Structures are given as structure tokens and as C-alpha cells.
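Understanding the architecture of this molecule
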Amino acid sequence: MKIYFHLNIGGFSNCYIIENELTKEAIIIDPGKITDDIIKRIEDESYKLAGVFITHNHGSHVHGLKALRKIYTPAVYAADWEVAGNDTHVITGDGKIRIAGLTVRYMALPGHTADSMIYKIGNVLFTGDSLSAGKIGSTNSSYSDFVLRKNIEQKILSENDATVIMPGHGPPTCVGAERMFIV
């Protein structure tokens, strides 16, 4: 498995391409903006785009989905039906999906938004806007803040210290480092 990071300058959000070199398939997490570099990465390596995973329905995380769907026919996974209408595989709660020869564990993590999801592939967590290096995501109420903090404690900080965190904004971090800031 290889992970490629792309920065969407417009929303300063992170997009990730996860490639399975054995099956020659890829998935994308949070296609905020689809650039020539992203298309080139998929095409030059002859990868099939098997799926797109959305951490939450904010423009800086989904805006590029329309362009991707004009070029490819990936399965789209999100907790909000509005992401891709009837083409959205709506996921809720916690579970696993086997796609592109990889196991993607998904976990509902409301707080930043009602539809916030995090994804774990191998030893890497893709947290969207729920958690960034040194800070938790923004919320719109004290109750949402409470819910988000509780979910982070139960579903992220319960992971092994070495688990890598790839956030929706900002640099990568790890669970061990975040325990020092988020407790």
C-alpha cells in the first residue's frame, strides 16, 4: 500500500490517494480538488479507481468528486446521501468495506458535522476535520464539542500510539502525539 498526499490550495484541505500495487487499484479520500497531478498519478501507473471515501460533506472535501465521476466510475462512500445522490453508498455506524484489495474500516465520528466519518486502512487513520495535529475539529455548539471529544477519545485515542493520523487539514501526526494535546 502506498499513500499519496495532495493539497487543495483553494480550501487548504488534504486529499489522499491510496494505491494497492498488487491489484493495481486505488481509492481516494476527500477529493477536494482534482488536479492534473492526481489524474496523472492514476493514469501513469494504470490504476483502476475503485472507490472514493468522503469524511464529511464540506466543499473543500467533496468539490472534486464531480470531476472524478466524469472520468471514472468509482464507488462513492459517505454518511450523507447528498454527496453523490443515488450513487452514494451510504455508510453509518462502524464497519468494514473490502475494496481495491484493501480493508477499509469506517467509524462514525459526529461532532464536527453530523456526517463525519473516519477511515482506517492498515495502521493509518484518515480523520477529516475531526482531528488535526494538535487540535480537535471545530463545532457549532458546546454539545457538539462534547460529542466530538468523547468520540475522539473512544475511536481515535484508543488506537496504538504509532497509528498514523492523516487529517483533513494540516500535517500528519500520530495517536501518541495527539494524546499529549487532546486529553
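This write-up is about the structure you can find in this document.

Here is what the cut-offs are and how they apply
- Residues numbered from 1 in each chain as written.
- Predicted model: local features only at pLDDT ≥ 70, side-chain atom pairs only at ≥ 80, totals over all residues.
- Heavy atoms only, no water.
- Pairing = 2+ DSSP bridges.
- Helix = DSSP H or I, 4+ residues; strand = E, 2+ residues; numbered from the N terminus.
- Axes fitted to C-alpha atoms, helices over the stretch in contact; angles between N-to-C directions.
- Contact = heavy atoms within 4.5 Å.
- Buried < 20%, exposed > 50% of the residue type's maximum accessible area, 1.4 Å probe, protein only.
- Core = buried A, V, L, I, M, F, W, Y, C linked by side-chain atoms within 4.5 Å.
- Salt bridge = Lys/Arg side-chain N within 4 Å of Asp/Glu carboxyl O.

Strand order across the open sheet formed by 6 strands is β1-β2-β3-β4-β5-β6, with mixed pairing between neighbours. What marks the edges here is a single partner per strand, and that holds for β1 (2-8) and β6 (88-90). Geometrically, the sheet is characterised by an average inter-axis angle of 25° between neighbouring strands, direction not taken into account. Here 5 bridges tie strand β2 (residues 13-20) to strand β3 (residues 25-29), and the two strands are oriented antiparallel to one another. Note on β3: the bridge partner recorded for Ile 17 is Ile 28. This element, helix α1 (residues 36-44), spans β1, β2, β3 and β4 (48-53) of the sheet and lies at about 5° to β2.

Here we take up the pairing of strand β10 (residues 124-128). Side-chain direction in a regular strand flips from residue to residue, so the side chains alternate between the two faces of the sheet. Burial analysis of β10 places 5 of its 5 residues in the buried class, the great majority of the element. Burial along β10 is two-sided: the residues Val 124, Phe 126 and Gly 128 and Leu 125 and Thr 127 are all buried. Where strand β9 (residues 117-121) meets β10, 3 bridges bridge the pair, whose relative direction is antiparallel. Paired with Lys 120 across the strands is Leu 125, a residue of β10.

On to the nonpolar core. Ranked by internal contacts, the top residues of the largest apolar core, which has 22 residues, are Phe 53, Ile 99, Tyr 119 and Phe 126. Among residues more than four places away in sequence, those in contact with Ile 99 are Ile 27, Ala 50, Gly 51, Phe 53, Tyr 77 and Val 104. Counting residues in hydrophobic clusters, the runner-up holds 20 residues, among them Tyr 47, Leu 65, Tyr 72 and Val 83.

To continue, consider the sheet that holds strand β14 (residues 173-174). Pairing within the open sheet is mixed, and its 6 strands lie in the order β7-β8-β9-β10-β13-β14. Each having just a single partner strand, β7 (94-99) and β14 make up the two edges of the open sheet. The sheet contact formed by β7 and strand β8 (residues 102-108) spans 6 bridges and is antiparallel. Bridge pairing in β8 links Arg 98 to Thr 103.

Attention now goes to the pattern of salt bridges. One pass over the structure, following the stated rule, counts 9 salt bridges. With a shortest N-O distance of 2.2 Å, Arg 69 and Asp 87 are connected by a salt bridge. Here Arg 69 is found in helix α3 (residues 65-71), whereas its partner Asp 87 is found in the loop between β5 (75-78) and β6, with 18 residues between them in sequence. Each member of the salt-bridge network shares a partner with another, and the members are Arg 105, Lys 120 and Glu 159.

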